[in-house]
Every structure is written in C-alpha cells, then in structure tokens.
Amino acid sequence: MAQIKNRLTPFFENITFDRDDNELVLNFGPQHPSAHGQLRLMLHLQQEQIVKAHPDVGYLHRGMEKMAENMIYNEFMPTTDRMDYIASSSNNYGFALAVEKLVGLEVPRRAQVIRMMLLEINRLMSHLFWLATTALDVGAMTVFLYAFREREYLMDIIEGYCGARLTHSAIRIGGVPLDIQDTFIAQLKDFLDKFPQAIKDYEDLLDKNRIWLMRMEEVGVISTEMALSWGCTGPMLRASGVAWDIRKEEPYELYDEVEFSVPFSDKGDNYARYRVYMQEMRESAKILYQTIDMYKKTQINNQTELMAHAPKYISAPKLDIMTQNYSLMQHFVLVTQGMRPPVGEVYIATESPKGELGYFINSQGGAYPYRLKMRAPSFWHTGILTDLLPGHYIPDVVSIIGTTNIVFGEVDR
Amino acid sequence: MRAYKGKGDVQAKPYYTDRYWVAPRVPKFDVESDEVFSKDLEVIKSKFDVLEAFIQVEQMTVFINPDDNYKVLQLLKDELDYTQLSEMSAIDFIETRDGFEIFYQMLSMNKRKRIRIKMFIKNGAAINSVEKLFRSADWSEREVFDMFGIEANGHPFMKRILMPYDWQGYPLLKTYPLQGDEFAAWYEVDKIYGKEAREEIGPEIRDTATVDRYDSDRFARLGYEVPIGVKITGNEPKNTQNYQEEGGVFLIRKLDKDSSKVIDDPQR
C-alpha cells in the first residue's frame, strides 16, 4: 500500500497549560505498562497532585454481548474465556452456572468437585498474577519472578487438564468435559505443600518493606459507603470493611461443604487490599486440600458421571453417542441447532477472583439468548478511579491501579 | 410468496426452526412464598404502583412505572437495606413492543437477597438517572446510552463509554446490522485518511483464509521474496535460500524445499 498522508493531528493534546489556574492535563495510557491493559486516564494536575481523573475505557471492546445474541449457548463458551483472561475458568463457570439455573440442571458430584478445583486454581493464578504485576509496578522485581514461578506450576496443572494455559474453556454447561488426569492430584498436592512457604517468602519480602509500605499504606483509601455505592465487590469490598464473599453467603457448587474463612479489613487502603489477597491465597489452598479429599471420596463411591443427564439440553456421554442411535441423533441436534432453554430470566452471581461476576440471561425460548449481560467486577473497579484518584499524587496512580486488579478484557468485554 | 421478515430485528436467526415448538417457561412463583420478599413487596406496594411481581430462580422481579424508578430505588436503599446496585441495563423489545425493558439488579447483603426492578419504556423515551443514589449507575447508564441510545435525565456526563465518542448507531439494538453499517466499516479510514482515500485503501479483508501471494510486505510470498520497494513482476525466480542451520535442530526435521508442496488453495 502506498504511503497516504493522514489527518491525525500531532499529539500536543497531551499537555495543556491554562494560565489562570496552572492546571496540567496529563494523558496516561492507553499504552502504559502499569495500566494493566488498555486504560486511558486523563489526569488534571495541580503540581503533582491530581484534582480530577477521567478514566477512558473501551479500547478492547469486542462486543461480546452482541456476539452472544447471535450464537448458540455452547458456542459462546470460548468467548467467555476472553473476558478475565487471567482466570478464564471462572468466566466459563459463571456462564455455565447461569445457563444451568435457567434450564434447571443438576450437575453430578464429581463434576462439581472438579469445577471447584479449577475455580480455586484459577483464583490462585489470578492472585499470583496480581501480586506479581503490582509488585513489579511498585518496583519489587523479585516478587514478580517468584510469583510467576509459582503460577507456572498451576498453569502446568491446568495445561495438563485442558491443554490450554490461559483460555481454558475447561467447563461445559452441565458439568466438565473430562475427568482430571492421573497426575493432577499428585501435582496439585506437590504444589500445595510448597505453597505456604512461597506465600511466606512474598510476605517476608513485602510486609515490612519500607518502600512497599510507603507506596501502600494510607494510599487509595476506599470507605465502606464508597465501595458499596460504586458496586465494588470481591477483595476491593472486603478490604473496605464488608466481609461479603458469595462463596460463603450464597454458596454455589460445594462451597457450603468446605471450610474456609473470609479475610477482610476495615482500613480500605492499598495495604489492606494486599493483605486480603495474601490471606485469600491461603484460604484457596485450604479449599484445594479439601477438594482433593472430596475427589477421592467420589472415587470410592464410584461417582463417575461428569455431565448432567438431560437429553433435551446436554449431549449423552461419548460411549452412548458411539453406540446408541438415539443418543447420536440428540447429539447431532444439540450441536447443529443448540439447546433451547425455557423462556425466562436469570441473574447468577459467582465470586470470581476479581469480585462478583454475574451473568444475566434473558431467554425467549430460542436457541440464541435474547439478551446476555455480563456483570464484570473490573468495570466498576475502574469507574471508582474517578472518585478515588483526586487528592493523590502521580506515583500513587500506579499503585492504586495495581491494587484495584482491573483486567481490561473484562472491563470492555 | 416469501415470508415476511421484520426490520426491527436483523440479528442472526437459527437455520433450523420448528414452527410447532412451544417453549417451556422458567417457573414463576408467588411472592408470598418467600417471607422476606413479600415484606419488601408490601412496602413498595404501599407507596408505588407495582405492575407485576414474581419470584424466578430465587430472585424477585418487580415491574414498576418508569417514572418511579428513582424513588423506588431510594426506598430500596434507605428503608429496605438493598445497598448495592449490582447491574443495570436494557433489553431491546423494539420489534415486538416498540420499547425497552430496563432492569436494575439490586443486592441486599444483610438479607442475602437479590431483587430485580424492571420497567418498560417506549422507544425514544429517556429514564431518570439514579446516579445520585448509586455511583455505580454513573457508568452503567453511560453504557446503556452507548449501547441502546437510551439517555438518562440528570446524568452528569452522558457520553459514550465503550464506543468512540463520534460513533454513529447503537450496537446492541436488534436493528444494528451484524457486520456493522457503512459508517462502521470505514470508520478508521475516514477518520485517519479522509473519505477520498477509501478507494485507494480498499475495504477491510475479513476473510481469514485470504492469502495475497504478491504482498511482499506481509511475507506471503514464501519462496518468491522481493525486497521492499522493488516492483513485483510476478515471474521472480524461486528462492532456494536455506533458512535452517546445517545439520538441523534437535527434533526438527530439515525442510527439503524442492520436494515440499505448497498448498495454494485457501479453502484446502
């Protein structure tokens, strides 16, 4: 293609000086290493202090809700991976659960246990990634390398299960596609035995680190009212004094059978959020230990089913499809035409690593959802920057964005 | 005669349809079946018109008049302990009912209950902003405006949020074409180079299987490479240059160019 003169104006709009109040407008992003994706922030500055912040999102907008309206339910599953791509199984799960509730499916117990394992591994992966990147933004390179090392073990386990490292699609509507591989439990146990020491290592590096404390303590304080009003959920809300964890309060899967506690803090600053994340990793590890026992019990009780039995909505097991004519017909219809859930509406919230991940589905009885709205926690965790940043200084922006743990696949959808 | 196709909904339609299919319904339960919800509903009913109320999948849905939305949400927040607005958005019913359903998804943490407040507005009508009650509505209402074109009265910054500010059309409407309209197709070209450059640049290639054998910039001329800037004649000699180390790499077999077969057909 020949060179054509373009009409883009030079980027002097980055900086404007106003003689009256000496306010400087600084354009932060959309390509900024510590913006964790495509976040553009317009910061109005007085000296180094921010007086007004205006987050601009949408650089990763792919129109997933529109896509969902134009494909069958099972087809949409891989697209959900691309929301919170740091912990994609939790997105798969939220969608699968919403459809299951709409249809009214009972998921077999072994599938539930495997789902919980995947969800908690995803939570650990997401939290480790959060710790690594936030520490790197603040300047702690060692923690970044350590945390990525541990995350790698988890990625290997997941890769062994579903073949993918980031975009898992490991959960299906009605259950899970596969049983866990033979080495899964041994690998997971191996990791869990090492993991407490790893967390301790991170804490030794960060907890009393002077630089870390200066960047984290009393920075980015979110009051309880503000967190509730802005729709904050997950660690953001728990660090602001509300011990609300959907796994505990509205238990799904088998979360009512496992023992874990909900860490929270009433400080609301960056450091509180950091502590909540660290404690949550310990709790996740605790849950994972218990799921291993639960899995072994399903082996003893010989509960081998992995997908719900509902011929109208879910394909039969592979063996049936290959041996029984009627199952093959059902399977063919479900793959080509898709399931048709009943007419109705459902909103299901699950606790993703970032917060409340909700799926609202309006079904008109067709093979495509009539309207699908994804409630992504990061959307509001980005919005809160409007109110949170004013009063802070430029370096605080980086640490605050870090601890809000926003992922732009989820914000823009 | 061809079947009539409505223009209000241009979304993809399933190929297989069963005209005698009667879709089942997700069961709706009476609000009286739940103690907490029935009390809440009584409080709402004492002050506002409730058009319809039922429980579906463990959550209560309440239909109200669109003018009452601010006051109902205020009542829910201040008196009934629904402290969080988890989500709000719209559903497009333009084709069937000429309007939208707006829903507000509320959460009460103390009661562990979720309520969905819904209202129906006519196409073209605006809603009252609830941004003063819940800051989270600030961004949700902008998103609703961005995606459906429904404005919120009293919102401090009613601008698009996900799409560019100068975008035309509202993507989540059922009338919005799936491939985008002409404006969408030429958005970048028009903005960066101007409309007159459309012909020179050409439409975006959306077929992922397309291979342009004579595009030297994109490395598609495998075996017939041409330096950048040199005019392509189309009868360059085949380049037999070897890109692999002598002796090959562990596990990787050496590619024998002469005996390899290049598949030209993009459809395979």
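Residues numbered from 1 in each chain as written. Chains lettered and ligands numbered in written order. Predicted model: local features only at pLDDT ≥ 70, side-chain atom pairs only at ≥ 80, totals over all residues. Heavy atoms only, no water.

Q: Just to check I follow, could you spell out the overall build of chain B for this structure?
A: In terms of helices and strands, chain B carries 7 helices and 8 strands. Sorting the 268 residues of chain B into buried and exposed places 42% on the buried side. For chain B, the exposed area adds up to about 16,700 Å²; of that, 52% sits on carbon and sulfur atoms. (Helix = DSSP H or I, 4+ residues; strand = E, 2+ residues; numbered from the N terminus. Buried < 20%, exposed > 50% of the residue type's maximum accessible area, 1.4 Å probe, protein only. Areas by Shrake-Rupley, 256 points an atom, 1.4 Å probe, with all protein chains shown as cover.)

Q: Help me understand the domain arrangement of chain A, please; the structure alone is not making it clear to me.
A: How large an interface is tends to be reported as the accessible area lost when its parts come together. Residues and elements named next belong to chain A. Examined at the domain level, chain A breaks down into domain 1 (11-56) and domain 2 (64-412). Relative to domain 2, the C-alpha centre of domain 1 lies at a distance of 33 Å. For the pair domain 1 and domain 2, the summed buried area comes to about 1,600 Å², and 68% of that belongs to carbon and sulfur atoms. Broken down residue by residue, the surface that domain 1 buries against domain 2 is led by His36, Glu48 and Ile50, which jointly contribute 37%. Applying the counting criterion to the domain 1 and domain 2 interface returns 0 salt bridges. Counting the contacts that link domain 1 with domain 2 gives 4 residue pairs in polar contact (both at pLDDT 80 or more). When residues of the side of domain 1 that touches domain 2 are traced back to their parent elements, those giving at least two are β1 (24-28), β2 (40-46) and β3 (49-56). If you tally residues by element for the side of domain 1 that touches domain 2, the top one is β3, at 6 residues. The class makeup of the residues in the side of domain 1 that touches domain 2 is 12 nonpolar, 5 polar and 2 charged. (Domains from an automatic or database assignment. Buried area = accessible area lost by both parts, 1.4 Å probe. Salt bridge = Lys/Arg side-chain N within 4 Å of Asp/Glu carboxyl O. Polar contact = N/O pair within 3.5 Å; in protein donor to acceptor, adjacent residues only side chain to side chain. Nonpolar A, V, L, I, M, F, W, Y, C, P; charged D, E, K, R; others polar.)

Q: Help me understand the sheet that holds strand β6 (residues 113-122) of chain B, please; the structure alone is not making it clear to me.
A: All names here are of chain B. With mixed pairing, the 6 strands of this open sheet are ordered in space as β1-β2-β3-β6-β5-β4. Looking at strand neighbours, the two that pair on one side only are β1 (28-29) and β4 (84-92), the edges of this open sheet. In the sheet, strand β3 (residues 59-64) pairs with β6 via 5 bridges, with the strands oriented parallel. Residue valine 62 lies in a different strand from β6, and its bridge partner there is isoleucine 117. Each of β4 and β5 (99-108) is contacted by helix α4 (residues 136-148), which is oriented at about 10° to β4, the strand it contacts most. (Pairing = 2+ DSSP bridges. Contact = heavy atoms within 4.5 Å. Axes fitted to C-alpha atoms, helices over the stretch in contact; angles between N-to-C directions.)

Q: What's the story with the confidence of the model for chain A in this structure? I'm lost.
A: The predicted coordinates should not be examined in detail at positions where pLDDT is low. Scored by pLDDT, chain A has a mean of 88; 95% of the residues are at 70 or more. Helix α3 (residues 88-103) of chain A holds the highest mean pLDDT among the elements of chain A, 93, whereas β1(A) holds the lowest, 83. (pLDDT = per-residue confidence, 0-100.)

Q: I'm lost on the pairing of strand β4 (residues 344-352) of chain A in this one. Help?
A: Residues in a regular strand project their side chains so that they alternate between the two faces of the sheet. Residues and elements named next belong to chain A. Counting buried residues along β4, 9 of its 9 residues qualify, which places the element largely inside the surrounding structure. Side chains Gly344, Val346, Ile348, Thr350 and Ser352 project from β4 onto one buried face, and the interleaved Glu345, Tyr347, Ala349 and Glu351 project onto a second face that is buried too. Relative to strand β5 (residues 355-363), β4 runs antiparallel, the two sharing 9 bridges. Looking at β5, one finds that isoleucine 348 is bridged to tyrosine 359. Taking the residues that link successive antiparallel strands as the turn, the β4-β5 hairpin has 2 residues.

Q: Any chance you could explain the domain arrangement of chain B here in plain terms?
A: Taken as a whole, chain B is organised into domain 1 (28-153), domain 2 (176-204) and domain 3 (210-239). Look at where the C-alpha atoms of domain 1 of chain B and domain 3 of chain B centre, and you get two points 60 Å apart.

Q: Hey, could you run me through the sheet that holds strand β6 (residues 371-375) of chain A in this one?
A: By definition, the strands of a sheet pair up through backbone hydrogen bonds, in either a parallel or an antiparallel sense. Residue and element names in this part refer to chain A. Sheet architecture is open: 3 strands sit in the order β4-β5-β6, paired in antiparallel fashion. The open sheet has two free edges, formed respectively by β4 and β6, since each of these has just one partner strand. Averaged over neighbouring strand pairs, the angle between their axes works out to 10° when direction is ignored. With 5 bridges connecting them, β5 and β6 associate as antiparallel partners. For isoleucine 361, the partnering residue across the bridge sits in β6 and is leucine 372.

Q: Just checking my understanding: could you explain the packing of helix α4 (residues 109-138) of chain A against helix α11 (residues 270-300) of chain A for this structure?
A: Helix packing geometry: the angle between the two helix axes and the distance between the axes. All names here are of chain A. For the pair α4 and α11, interaxial distance at closest approach is 9 Å and the crossing angle is 155°. In terms of orientation, α4 and α11 fall into the roughly antiparallel class. In this structure, α4 crosses over α11, and the sense of that crossing is left-handed. Here the residues of the contact of α4 with α11 sort into 18 nonpolar, 5 polar and 5 charged. (Parallel < 35°, antiparallel > 145°, perpendicular 65-115°, else oblique. Left-handed = near helix turned anticlockwise from the far one by under 90°.)

Q: Honestly, the packing of helix α6 (residues 184-206) of chain A against α11(A) in this entry has me stumped. Any pointers?
A: All names here are of chain A. For the pair α6 and α11, the least separation of the axes is 11 Å and the interaxial angle reads 165°. What the angle tells us is that α6 and α11 run roughly antiparallel. At the point where α6 passes α11, the crossing takes the left-handed sense. Where α6 approaches α11, its residues Ile185, Leu188, Lys189, Leu192, Asp193, Phe195, Ile199, Lys200, Tyr202, Glu203 and Leu206 are matched on the opposing element by Tyr274, Arg275, Met278, Met281, Arg282, Ala285, Leu288, Tyr289, Ile292, Tyr295 and Lys296.

Q: Hey, could you run me through the nonpolar core in this one?
A: In a soluble, globular protein the nonpolar side chains are often hidden away together inside. A:Phe95, A:Leu131, A:Ile173, B:Tyr104 and B:Ile117 are the most contacted members of the largest nonpolar core, which totals 184 residues. Beyond its immediate sequence surroundings of up to four residues, B:Ile117 is in contact with B:Val62, B:Ile64, B:Val72, B:Leu73, B:Leu76, B:Ile102, B:Phe103, B:Tyr104 and B:Met106. (Core = buried A, V, L, I, M, F, W, Y, C linked by side-chain atoms within 4.5 Å.)

Q: What should I look at first to understand empty space enclosed by the protein in this one?
A: All names here are of chain A. For the structure shown, the criterion picks out 1 cavity of 30 Å³ or more. When its volume is computed, the largest cavity comes out at roughly 30 Å³. Every residue along the wall of the largest cavity is listed here: Ser90, Leu119, Arg123, Tyr252, Thr350, Glu351 and Ser352. Every element with two or more residues in the lining of the largest cavity is listed here: α4 and β4. (1 Å grid on protein atoms, 1.4 Å probe; cavity = no way out; pocket = protein on both sides within 12 Å on 5 of 7 lines; lining within 4 Å. Points joined across faces, edges and corners; volume = space filled by probe spheres on them.)

Q: Could you clarify how one ought to interpret the environment of B:Gln84 in this entry?
A: In this fold, B:Gln84 is placed in strand β4. With sequence-adjacent residues up to four places away left out, B:Gln84 is seen in contact with A:Ala227, A:Leu228, A:Gly231, A:Cys232, A:Thr233, B:Gln105, B:Met106, B:Leu107, B:Met109 and B:Phe134.

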